Amino acid sequence: MDLTYPPQYEAFRRRVRAWLRKNLPSRPRGLAKLAFDDPRRIERAKQWQRKLYEAGYVAMSWPKEYGGQGADVLTQAIVDEELVRAQAPPLIGQMGIQMVGPTLIQFGTEEQKRRFLPRILTAEEIWCQGYSEPNAGSDLASLQTRAELVGDEFIVNGQKIWTSNAQFADWMFCLVRTDPHAPKHHGISYLLIDMKSPGISVRPLIQMTGERGFNEVWFENVRVPRSHLVGELHQGWQVANATLLHERNMLGAATTTQQLFAALVRLAKLCTRQGRSAVEDPVVRQRLAALAMRVEAMRYHAYRQLTDTILGRPRGIAASVNKLVSTELNHDITVCALNLLGSYATQTSESKFAVDGGRWIREFMFTLGMIIGGGTSEIQKNIIGERGLGLPREPRALPE
Amino acid sequence: MNFGLSADQELLQRTARDFLAAEWPPAAAHAVFDADHDGYPRKLYEQMAQLGWLGLLAPVEFGGAGGTCLDAAVLAEELGRAAVPGPYLANTLSILALRQIGVASVRRQWLPLLAKGQAVVTLAWFEEDTAAWPFPLKARGSVGRFGLRLNGTKRFVLDAHVADAFLVVCRLPAGRAQSTAIVLVPREQAGVAVRPMNDVDRTRRPCEVVLNDVTVPRRSLLATGGQAEKLLARVQNAAAVLLAADCLGGAERLLEMAVEYAKVRRQFGRPIGSFQAVKHRCADMVAQIEPARSLVWYAAHAMDALPRQAAYAASLAKGHLSEVFSNVAENALRVFGGIGFTWERDLHIWFKRAQWNRYAFGSPEWHRERVAQECRW
Ligand SMILES: Cc1cc2nc3c(=O)[nH]c(=O)nc-3n(C[C@H](O)[C@H](O)[C@H](O)COP(=O)(O)OP(=O)(O)OC[C@H]3O[C@@H](n4cnc5c(N)ncnc54)[C@H](O)[C@@H]3O)c2cc1C
């Protein structure tokens, strides 16, 4: 056991920290009032990612020829830690960087890697995930969006739903059914679709938080070149699952949890109870410490997983455990915050009386959304039980 | 021994449920979430007045029904089940306060208007740090030659933006000491400023009310000292009981929505309600709601008949029911999955009402502490 980083890494850490201190974007007041998908806000978010990229701090472990630096995972981990420490805003191209990017590195053709990966890093192209459909949520493999191969083009017809960021995304990684006669896991393919293609229409859906966070997307005879197929024809389920693992690790990131928890502790210092700082209240201390234990467990658990990755050990059901534990923990952190705020807990961002700009009631709802998105807690438990523990599967189809 | 509703109360429950199902469908509640709605559906309130519900707690001689707190709780449960917005709670609490005060002319003026739904009167009571009674008042009045002069800032004032008058709670000098006072202040009085306190639950409209050298005649002083404090304690308890009943109705509604959905939504070739994870979630909601209903009835009955237990029972009910409602709201959302997370679906209306109900008139923590105190632990 050795928890120290070699000296050259510590030097690197100091450089990152100094850079962040100088370059972290200020958060102008007006920006918080802009809608989630307001072009000005998106533009600023892209600028931030670009700046971070140009400084050399985005997806450093990606191969050099695709815009990365071929750095080791430890270097990347240091950057992630420092971003949390500096409370840096999340990256707008996250789904590209953390989901489709790694999938393309694993399964993409050389042409796809060269075409797509660099622009993911620079935020020139934003990606969205076209998985869920009205009748295919937890049971993703029953998806029905159809793609027919005609010559060297796919013709896509169908509908996706809950597609986050589709209203401003440039590309979608999308699951389609290419063989309707095969068993459901076998007739699926993984396509990269240009969101500007004729025949695509997008309708934003308002989330319970009031934000246009996700969308319905329709495809009407949308033409997709065959060269945008990832992996083999009809073998997309395997590729899809690789992306899902990345998604679960992203949603289950210990760094997100640490950032949220740090904000909770700041809140506890800011709030008062019976004339004292809330953080001095024994009840609050108990709650914060109980959360700290869970947060710290996940932090060290992430180090352990980092080691497993470095040593090339199989990850098993780690992604599902991360997703399940972290999203539930994130939600519990927000509940603690609401209880600190008491009667101010439900004040929205529009209210002059909101604490932290109404952040907590929004996070309270948002973290529930993250418990559902990326596979619900029940689905993660099924994966842990069935694939992890080898328990018998639940009975599936009922006779009609 | 008869722990249950009377025939009249059961009739009220049925009537209210049927009426609100027809007159206040979810589409109406959705409309209140639109930005420019003032949250006061006047037509609905006119009908509720005609049915005698707005004056349920007003004495018969003032056009009310002279009902009990249990009657009001039965109605509040149905209002919660339908997520009815508007000044029902504000007015009902004002009726409770007004009917106990000593100034007959004020009673004669306001109680009939409130019973008929022709006025909104709201308590300007809580302040920056507290939204439950008792607390040390900062707002203060002084008695001068021209009457009473009031200064202070009131928060979480229900429906102040549509109010005709406020019952301002403040402290007054009484000799060398300070005394609690309740003062009637018309909305249009100079020096009164109202600002909205935007809440996620758009069916509730708390406001801030700032009183800046507001001057009213001496006869506006409605109650002082021990009388005012006792009255406020009773109003606090009534608010807790009515909100507990509201939570009960809301939780039941969410349970019904979740169960209905679990029966029709299919994944993996079968209704999701057939998965034990979903089925047990629904059963857990029932197991929370059913005993909780009895707690609401007990607390309402204590208000009517067991004054020494009223505070204790009110806190048990509000502290517990508000937790049950928010638990049920989360569980219902989980049953719905992605579709529950939308603005378009009905669920978020009750989900947000659960959050407001949780913290208004004392958070669960506040009520737990009071339970411990009432038990003399
Ligand atoms: C905020 C948010 C963002 C999202 N973003 C995206 C996106 O960008 N792209 C995308 O493709 N999708 C996205 N989704 C969709 C998300 O992946 C689905 O909502 C999720 O997989 C659940 O599917 P569903 O909504 O159809 O719920 P359902 O599958 O209908 O589930 C309903 C309930 O049944 C339970 N259930 C279902 N099957 C079982 C079972 N076998 N055993 C036990 N319980 C079961 C579930 O756990 C849940 O409680 C997003 C969702 C949210 C909330």
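From a predicted model like this one, the values you see are computed outputs, not experimental measurements. (Residues numbered from 1 in each chain as written. Chains lettered and ligands numbered in written order. Predicted model: local features only at pLDDT ≥ 70, side-chain atom pairs only at ≥ 80, totals over all residues. Heavy atoms only, no water.)

A. Structural view of the domain arrangement of chain B. Residue and element names in this part refer to chain B. As assigned here, chain B comprises domain 1 (7–119), domain 2 (122–224) and domain 3 (227–374). Look at where the C-alpha atoms of domain 1 and domain 3 centre, and you get two points 20 Å apart. Each partner contributes residues to the interface: domain 1 has 27 residues there, and domain 3 has 33 residues. Carbon and sulfur atoms supply 66% of the area buried between domain 1 and domain 3, which totals about 2600 Å² over both sides. Here domain 1 is connected to domain 3 by three salt bridges. In this structure, Glu252 and Arg81 form a salt bridge, with 3.4 Å as the shortest nitrogen-oxygen distance. Linking domain 1 with domain 3 are twelve residue pairs in polar contact (both at pLDDT 80 or more). Of all the secondary structure elements, the ones that give two or more residues to the side of domain 1 that touches domain 3 are helix H2 (26–32), helix H4 (69–82) and helix H5 (88–98). Element by element, the count of residues in the side of domain 1 that touches domain 3 is highest for H4, at ten residues. Of the residues contributing to the side of domain 1 that touches domain 3, the split by class is 18 nonpolar, six polar and three charged. (Domains from an automatic or database assignment. Contact = heavy atoms within 4.5 Å. Buried area = accessible area lost by both parts, 1.4 Å probe. Salt bridge = Lys/Arg side-chain N within 4 Å of Asp/Glu carboxyl O. Polar contact = N/O pair within 3.5 Å; in protein donor to acceptor, adjacent residues only side chain to side chain. Helix = DSSP H or I, 4+ residues; strand = E, 2+ residues; numbered from the N terminus. Nonpolar A, V, L, I, M, F, W, Y, C, P; charged D, E, K, R; others polar.)

B. How the structure looks around unusual backbone geometry. Residues and elements named next belong to chain B. Of note, the bond from Trp133 into Pro134 is cis; its omega dihedral lies within 30 degrees of zero at 5°. As for its placement among the helices and strands, Pro134 is situated in the loop between strand S1 (121–124) and strand S2 (140–144). The residue Asp213 is not glycine, and still its phi comes out positive at about 50°. Position of Asp213 relative to the elements: it lies in strand S7 (residues 206–216). For Asp213, a relative accessible area of 42% gives the class partly exposed. (Buried < 20%, exposed > 50% of the residue type's maximum accessible area, 1.4 Å probe, protein only.)

C. Just the interface of chain A and chain B, in detail. With 51 residues of chain A at the interface, the matching set in chain B holds 45 residues. Here chain A and chain B share an interface that buries about 4100 Å² over both sides, 58% of which is from carbon and sulfur atoms. Taken together, chain A and chain B are joined by five salt bridges. Salt-bridge contacts for Glu344(B) lead to Arg203(A); the nearest nitrogen and oxygen are separated by 3.5 Å. If you look at where chain A meets chain B, you find 22 residue pairs in polar contact (both at pLDDT 80 or more). Looking at the side of chain A that touches chain B, the elements that each hand over two or more residues are strand S6 (200–205), helix H10 (318–341), helix H11 (359–372) and helix H12 (377–388) of chain A. Element by element, the count of residues in the side of chain A that touches chain B is highest for H11(A), at eight residues. Considering only residue class, the side of chain A that touches chain B consists of 23 nonpolar, 16 polar and twelve charged.

D. Structural detail: the site of the ligand. Neighbouring residues of the ligand: 32 residues in total, closest Ser138(A), Thr376(A), Glu378(A), Arg265(B) and Arg334(B). Flanking the ligand are residues from chains A and B. With respect to the ligand, the backbone of Gln129(A) contributes an N or O atom lying 2.8 Å from a nitrogen atom. In this structure, an oxygen atom belonging to the ligand sits 2.5 Å away from a main-chain N or O atom of Arg334(B). Relative to its free-state accessible area of 970 Å², the ligand is covered by the protein chains to the extent of 96%. Listed by contribution, the elements that provide at least two residues to the shell around the ligand are H11 and H12 of chain A together with helix H8 (276–305) and helix H9 (310–336) of chain B. Split into classes, the residues belonging to the shell around the ligand amount to 13 nonpolar, 15 polar and four charged. (Near = heavy atom within 4 Å. Areas by Shrake-Rupley, 256 points an atom, 1.4 Å probe, with all protein chains shown as cover.)

E. Structural view of the packing of aromatic side chains. As enumerated under the stated definition, the model contains 27 aromatic pairs over all chains in all. A centroid spacing of 5.8 Å and a plane angle of 25° characterise the contact between Trp127(A) and Trp171(A), whose relative ring orientation is stacked. Taken together, the positions of Trp127(A) in strand S1 (residues 127–130) and Trp171(A) in strand S4 (residues 171–177) put the pair 44 residues apart, joining distant regions of the chain. Measuring from centroid to centroid gives 6.0 Å for Trp125(B) and Trp133(B), while their planes differ by 45°, and the two rings are tilted. You'll find Trp125(B) and Trp133(B) in the same group, each marked buried. Grouped by ring-pair contacts, the aromatic residues Phe116(A), Trp127(A), Tyr131(A), Trp171(A), Phe173(A) and Tyr190(A) constitute a single cluster. Across from the ring centre of Phe366(A), 5.3 Å away, lies the NZ or CZ of Arg362(A), which sits over that ring. (Phe/Tyr/Trp six-rings, centres within 6.5 Å; stacked < 30°, edge-to-face > 60°. Lys NZ or Arg CZ within 6 Å of the ring centre and 35° of its normal.)

F. Geometry of helix H1 (residues 7–23) of chain B. Residue and element names in this part refer to chain B. With 17 residues, H1 ought to run about 24 Å at 1.5 Å a step, and its terminal C-alpha atoms sit 24 Å apart, in line with that. Regarding H1, the residues found buried are Gln9, Leu12, Gln13, Ala16, Phe19 and Leu20. Taken down its axis, H1 places every buried residue within 145° of arc, on the same side. In H1, the exposed residues that point more than 90 degrees away from the buried face are Ala7, Arg14, Asp18, Ala21 and Ala22. Along its buried surface, H1 packs onto helix H3 (42–50) and H4. (Expected span 1.5 Å × (residues − 1). Arc of directions from axis to C-beta.)

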